[in-house]
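# Close look at the chain arrangement
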Amino acid sequence: DAKTTQPPSMDCAEGRAANLPCNHSTISGNEYVYWYRQIHSQGPQYIIHGLKNNETNEMASLIITEDRKSSTLILPHATLRDTAVYYCIALLSNFGNEKLTFGTGTRLTIIP
Amino acid sequence: DSGVTQTPKHLITATGQRVTLRCSPRSGDLSVYWYQQSLDQGLQFLIQYYNGEERAKGNILERFSAQQFPDLHSELNLSSLELGDSALYFCASSVDPSGNTGELFFGEGSRLTVL
């Protein structure tokens, strides 16, 4: 699986959009970009994933650059409950014998 | 609520002992994954089962073993416990019936403390 790089921490004001970057410059053509978050010792929570096109769901939007070397997770209107560690993971499309590998992620703090 | 149930939520035991952690996946999910999260090592993949068979193995110690039963629940057995085994143990299940996905639903974890 491709290695991803994320900033260790970020702050965002409540009500504003939180933009979390992820670099995956060595990603291969059949690797998806997955985002998870973990709120203080709770189980990780799946947010969104994508391959090439931008994706949006009820939680967030995922913007992937055309060369697929980086992506941005966008939380449109951050709330205090969005304070968490966010993980960006590159994963082969055929999960099969591969494993979801969590790095150190970005600790996002939403400021009132 | 992810639909994945883990028991017990908390467990305190002594070094050298053996414990069993239990996981019930979401209804219909065939894959079960076990992860360990300690303070100094983050989330580490241990093992995956798919419909009763081992599918993938991570850095699981020989003192640890797991199985998935016909009703799809899974147990993680930890033996000869050491202080360093103190951690949160998470179970997850997969929404994809083939097991080929990174979209996992995690339980709330079992916090193991070894004294």
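Scroll up to find the structure.
Attention in this report is confined to the structure presented alongside it. Not measured: the values here are computed from a predicted model. (Residues numbered from 1 in each chain as written. Chains lettered and ligands numbered in written order. Predicted model: local features only at pLDDT ≥ 70, side-chain atom pairs only at ≥ 80, totals over all residues. Heavy atoms only, no water.)

## Quick look at the overall build of chain A
A tally of regular secondary structure across chain A gives zero helices and nine strands. Each helix and strand of chain A, ordered N terminal to C terminal, gives the series β-β-β-β-β-β-β-β-β. For a compact globule of 112 residues, the expected C-alpha radius of gyration is about 13 Å, and chain A comes in at 13 Å, within 12% of that figure. For chain A, the spread of C-alpha atoms along the three principal axes comes to 40 × 30 × 25 Å. Counting only residues that meet the buried cut, chain A has 42% of its 112 residues in that class. (Helix = DSSP H or I, 4+ residues; strand = E, 2+ residues; numbered from the N terminus. Rg over C-alpha atoms; globule rule 2.2 N^0.38 Å. Buried < 20%, exposed > 50% of the residue type's maximum accessible area, 1.4 Å probe, protein only.)

## A word on the pairing of strand E7 (residues 64-68) of chain B
Residues and elements named next belong to chain B. Here E7 shows a clear split, with Phe64, Ala66 and Gln68 buried on one side and none of Ser65 and Gln67 buried on the other. Inspection of the sheet shows E7 paired to strand E8 (residues 74-78) by five bridges, in the antiparallel sense. Directly across from Phe64, in E8, lies its bridge partner Leu78. Adjacent in sequence and paired antiparallel, E7 and E8 are bridged by five residues, among which Leu72 carries a positive phi angle near 80°. (Pairing = 2+ DSSP bridges.)

## Some thoughts on the state of the cysteines
Two cysteines whose sulfur atoms are joined by a covalent bond form what is called a disulfide. Taken as a whole and assessed by the stated rule, the structure comprises two disulfides over all chains. Each disulfide pairs two cysteine sulfurs, and for Cys23 of chain B the partner residue is Cys91 of chain B, the sulfurs being separated by 1.8 Å. With the S-S bond torsion at -55°, the cross-link from Cys23 of chain B to Cys91 of chain B turns out left-handed. Taken together, the residues Cys23 of chain B in strand E3 (residues 19-24) and Cys91 of chain B in strand E9 (residues 87-94) connect sequence positions 68 residues apart. Assigned by exposure class, Cys23 of chain B and Cys91 of chain B land together as buried. The thiol of Cys12 of chain A is not disulfide-bonded; the next cysteine sulfur, from Cys22 of chain A, is found 18 Å away. (Disulfide = S-S within 2.5 Å.)

## Some remarks on the interface of chain A and chain B
Across the contact, 20 residues belong to chain A and 20 residues belong to chain B. When chain A packs against chain B, close to 1,600 Å² is buried across both sides, 55% of that on carbon and sulfur atoms. The interface formed by chain A and chain B contains zero salt bridges. Taken together, chain A and chain B are joined by three residue pairs in polar contact (both at pLDDT 80 or more). When contributions to the side of chain A that touches chain B are tallied by element, the ones reaching two or more residues are strand E3 (31-38), strand E4 (45-50) and strand E8 (84-92) of chain A. With three residues, E3 of chain A is the single largest residue contributor to the side of chain A that touches chain B. Residues that form the side of chain A that touches chain B fall into these classes: nine nonpolar, nine polar and two charged. (Contact = heavy atoms within 4.5 Å. Buried area = accessible area lost by both parts, 1.4 Å probe. Salt bridge = Lys/Arg side-chain N within 4 Å of Asp/Glu carboxyl O. Polar contact = N/O pair within 3.5 Å; in protein donor to acceptor, adjacent residues only side chain to side chain. Nonpolar A, V, L, I, M, F, W, Y, C, P; charged D, E, K, R; others polar.)

## A look at the pairing of E4 of chain A
All names here are of chain A. With five bridges connecting them, E3 and E4 associate as antiparallel partners. Directly across from Val33, in E4, lies its bridge partner Gly50. Between E3 and E4, which pair antiparallel in sequence order, lie six residues; one of them, Ser41, sits at a positive phi of approximately 65°.

## Structural notes on the sheet that holds E3 of chain A
Residue and element names in this part refer to chain A. Spatially, the five strands line up as an open sheet ordered E1-E9-E8-E3-E4, and their pairing is mixed. Sheet topology places strand E1 (9-13) and E4 at the edges, where each strand pairs with a single neighbour. Geometrically, the sheet is characterised by an average inter-axis angle of 25° between neighbouring strands, direction not taken into account. (Axes fitted to C-alpha atoms, helices over the stretch in contact; angles between N-to-C directions.)

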